[in-house]
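Structural overview
Here are the chains, one letter per residue:
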Amino acid sequence: MPQARSIVGVDLGGTKLAVALVDDTLGVIAKTVGTSATESAQACLDDLYRRLDEAVAEWGPIDAIGVGTASMVNFRAGRVVLSTNLPLRDVPLRDLLRERYGVPAVIDNDANVACLAEFRYGAGVGTTEMVMLTLGTGIGGGIIANGRLYRGASGAAAELGHMVIEADGPRCQGACPNYGCLEVYASGEAMGRLARDEARALPESALGQALASGEEVHGPLLSRLALDGDPGAIAVLHDVGRRLGIGIANLVNIFNPELIVIGGGAAEAHDILLGPVREVVAERALHPQRDEVRIVAAHHGQDAGVLGAAALAIIELFPDKEPPPR
Ligand SMILES: [Zn+2]
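Worth saying up front: this structure is predicted, and the values here are computed from it rather than measured.

Cut-offs used in this document
- Going along each chain's sequence as written, the residues are numbered from 1 onward.
- Where totals are concerned, whole chains, interfaces and linings use all residues; where local detail is concerned, this predicted model gives features only for residues with pLDDT of at least 70, and gives and counts side-chain atom pairs only at 80 or more.
- Excluded from the side-chain calculation are hydrogens and water; included are all heavy atoms of the structure.
- In short, DSSP must find at least two bridges between two strands for them to pair.
- Working definition: helices are DSSP H or I runs of at least four residues, strands are E runs of at least two. Numbering for both runs from the N terminus.
- Contacts were defined at the residue level, with two residues in contact if any of their heavy atoms lie within 4.5 Å.
- Between the N-to-C directions of two axes lies an angle of 0 to 180 degrees, each axis being a line fitted to C-alpha atoms and, for a helix, fitted only over the stretch in contact.
- Note on terminology: a nonpolar core comprises buried Ala, Val, Leu, Ile, Met, Phe, Trp, Tyr and Cys residues joined through side-chain atoms within 4.5 Å.
- Think of it in three bands: residues with accessible area under 20% of the maximum for their type are buried, residues over 50% are exposed, and the middle band is partly exposed, with areas taken using a 1.4 Å probe on protein chains only.
- The donor set covers N, O and S atoms within 2.8 Å of the metal, switching to 3.2 Å for Na, K and Ca, and it leaves out water, so a site may look short of donors.
- Any site counts as irregular unless it has four donors with all angles between 85 and 135 degrees, making it tetrahedral, or four or six donors with opposite ones more than 155 degrees apart and the rest between 65 and 115, making it square planar or octahedral.
- When describing relative orientation, an angle under 35 degrees is termed roughly parallel and one over 145 degrees roughly antiparallel, while 65 to 115 degrees is termed roughly perpendicular and anything else oblique.
- Rotating anticlockwise by less than a right angle from the far helix to the near helix defines a left-handed crossing, while the corresponding clockwise rotation defines a right-handed one.
- Amino acids outside the nonpolar list (Ala, Val, Leu, Ile, Met, Phe, Trp, Tyr, Cys, Pro) and the charged list (Asp, Glu, Lys, Arg) are all regarded as polar, and Gly is one of them.

This brings us to the sheet that holds strand β8 (residues 130-135). The sheet built from five strands is open, its strands ordered β10-β9-β8-β11-β12 with mixed pairing. In this open sheet, the two edge strands, each paired with only one partner strand, are β10 (148-149) and β12 (294-297). Across two bridges, strand β9 (residues 139-145) lies against β10 in antiparallel orientation. Residue pairing across strands places Ile 144 opposite Leu 149, the latter belonging to β10. Contacts from helix α8 (residues 231-255) reach β8, β9, β11 (259-263) and β12 within the one sheet, and its direction differs from that of β8 by about 160°. Each of β8, β11 and β12 touches helix α9 (residues 271-284); the most contacted strand, β12, lies at about 165° to it.

Shown next as structure tokens:
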């Protein structure tokens with residue numbers, strides 16, 4: 001029996017920097033969570049190094065580092081190409097980490113690594129054709145085709161949130177020049193907007209009261225209120241689910257996946273969100289693929305980022321540790 005390896009998984013997000021020590025069956029041994037420094041590229045890297053130095057001093061020796069980041073990444077080159085919420089542009093992060101820590105390192109974008117974690121160690125175990133959508137500030141996507149992550153020509157594939165579902169819809173967010181993208185209707189931003197509308201219509205609902213008291217609306221809050229039976233939160237998730245279903249019907253037709261996995265706080269409401277998704281897919285997608293696909297919530301919650309980063313390292317660097325597909 002080979003010795004268990006010690007993998008450091010890093011979740012470098014636009015606001016959060018989490019670092020975890022994970023074994024090669026994806027069990028979390030230790031974890032720290034803080035905020036990412038965003039003043040400059042150097043500040044961001046220095047902060048990452050400081051956190052990793054501390055982790056290695058406390059947890060070491062380590063065998064590998066995996067990073068998932070809220071950035072466009074050229075996976076083969078190991079470079080962060082561009083970020084919307086981090087000051088990183090054209091940074092050879094993989095090689096910087098290899099040199100500094102003397103261990104193999106890999107980086108990819110956060111949506112891809114979350115997809116890998118679900119595929120190998122979560123809801124997708126046993127599948128070979130899977131699509132994942134993560135509902136956060138935007139919508140992240142990941143595609144598993146023929147048992148491998150599909151990255152596209154330059155690593156920028158699977159921007160599933162930028163699929164147009166309404167040709168004359170509102171302008172998309174961030175750097176996207178398009179209109180009526182799925183992200184406009186089903187991201188965390190969209191949920192906040194829908195929640196404000198719903199709170200005006202149902203001011204006495206728990207959602208209305210939460211908004212009136214200044215609470216920030218996000219997926220986890222909506223899920224919690226909806227599971228408690230609040231009509232306002234249920235209405236928001238129903239609306240989001242119907243829109244999501246339109247996008248997913250397209251994905252079902254294009255990829256004929258066995259499984260669609262939905263991640264992010266809103267998916268914690270399970271059938272309250274996924275019921276409307278399944279209804280729309282049944283109404284709009286083609287036969288037989290609409291009948292073959294399962295649509296489920298992600299297994300990994302808050303730890304999805306660090307677990308995904310570690311899963312990336314295990315899959316890419318230690319392929320002997322990959323559990324075989326069933
Ligand atoms: Zn867009």
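So, on to the nonpolar core. If you look at the biggest cluster of nonpolar residues, it comprises 50 residues, and the most contacted ones within it are Leu 133, Leu 244, Ile 248, Ile 260, Ile 262 and Leu 273. Sorting elements by how many residues they give to this core places α8 first, with ten residues. Filtering out sequence-adjacent residues up to four positions away, Ile 248 remains in contact with Leu 133, Ile 260, Ile 262, Val 277, Val 281 and Ile 295. If you look at the next biggest cluster of nonpolar residues, it comprises 32 residues, including Val 22, Met 132, Ala 298 and Ala 313.

This brings us to the coordination of the zinc ion. Surrounding the zinc ion are the protein donor atoms His 162 (ND1), Cys 172 (SG), Cys 176 (SG) and Cys 181 (SG), at 2.0 to 2.4 Å. For the zinc ion, the four donor atoms in the first shell make angles of 102 to 127° at the metal, so the coordination geometry reads as tetrahedral. Counting the intervening residues between successive donors of the zinc ion yields the motif H-x9-C-x3-C-x4-C. Within this pair, whereas His 162 is found in the loop between β10 and α4 (182-186), its partner Cys 176 is found in the loop between β10 and α4, the two being separated by 14 residues in sequence.

For the rest of this paragraph, the subject is the packing of helix α1 (residues 41-59) against helix α2 (residues 93-101). In contact at an axis separation of 12 Å, α1 and α2 are set at 40° when each is read in the N-to-C sense. It follows from the interaxial angle that α1 and α2 lie oblique. Seen along the crossing, α1 lies across α2 with a hand that is right-handed. Residues Leu 45, Leu 48, Tyr 49, Leu 52, Asp 53 and Val 56 of α1 pack against Leu 93, Leu 96, Leu 97, Arg 100 and Tyr 101 of α2. Classifying every residue of the contact of α1 with α2 gives nine nonpolar, no polar and two charged.

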